[in-house]
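# Report on the structure
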Amino acid sequence: GSADSGSADSGSADSGSADSGSADSGSGDAGPACGGSVRGSCSASGLTCECCAAGGPAEECVCTTTCTSDADCTDPSRSHCEQPSAGTEGFCTDMPTFPGCCWLCL
């Protein structure tokens, strides 16, 4: 008979699929970051990229939350509701540093 009649390697050492998913299946690379005149992505949870309606280089975008009055802006770092007119939806900003929107520049 043969000294090697059995099969010590009958299975596959790599029969499972430890790497079946995509390494980039999440939104880790969602494009450019939101800011300035760029409508991009926000990395912080709960924030969305909100922009003034001007468009182009006059557009200002910021990662923030929406509001209809200053009372909706509960984060002290974004305590002002930047909005086109009273009672309409806007977004929370840091009034001293945010350049402001030119809502009527369209």
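Look above for the structure.
Attention here is on the structure that accompanies the text. For every chain, the first residue of its written sequence is number 1, and the numbers climb from 1 along that sequence. With the structure being a predicted model, the display of local features is reserved for residues of pLDDT at least 70 and the display and counting of side-chain atom pairs for 80 or more, all residues being used for whole-chain, interface and lining totals. Side-chain numbers here rest on the full set of heavy atoms in the structure, without hydrogens or water.

## Details of the pattern of salt bridges
- Any carboxyl oxygen of Asp or Glu within 4 Å of a side-chain nitrogen of Lys or Arg constitutes a salt bridge here. One pass over the full model with this rule turns up two salt bridges.
- For R39, the salt bridge is made with E59, and the minimal N-O distance between the two is 3.0 Å. Here E59 lies in the loop between β1 (48–51) and β2 (61–64) and R39 lies in the segment before β1, a separation of 20 residues in the sequence.
- For each residue, the accessible area found with a 1.4 Å probe, counting protein chains only, is set against the maximum for its type, and the residue is called buried under 20%, exposed over 50%, and partly exposed in between. Judged by its relative accessible area of 55%, R39 falls in the exposed class.
- Salt-bridge contacts for R78 lead to D75; the nearest nitrogen and oxygen are separated by 3.2 Å.
- The class of D75 is partly exposed, set by a relative accessible area of 28%. Under the scheme used here, helices are H or I runs from DSSP no shorter than 4 residues and strands are E runs no shorter than 2 residues, and both carry numbers assigned from the N terminus.

## Thoughts on the pairing of strand β5 (residues 90–93)
- DSSP calls a pair of strands paired once it identifies at least 2 bridges connecting them. As defined by bridge partners, strand β3 (residues 66–67) adjoins β5 across two bridges and the pair is classed as antiparallel. Bridge pairing in β5 links T66 to F91.
- When strand β4 (residues 80–82) meets β5, the two strands line up antiparallel, connected through three bridges. Directly across from E82, in β5, lies its bridge partner F91.

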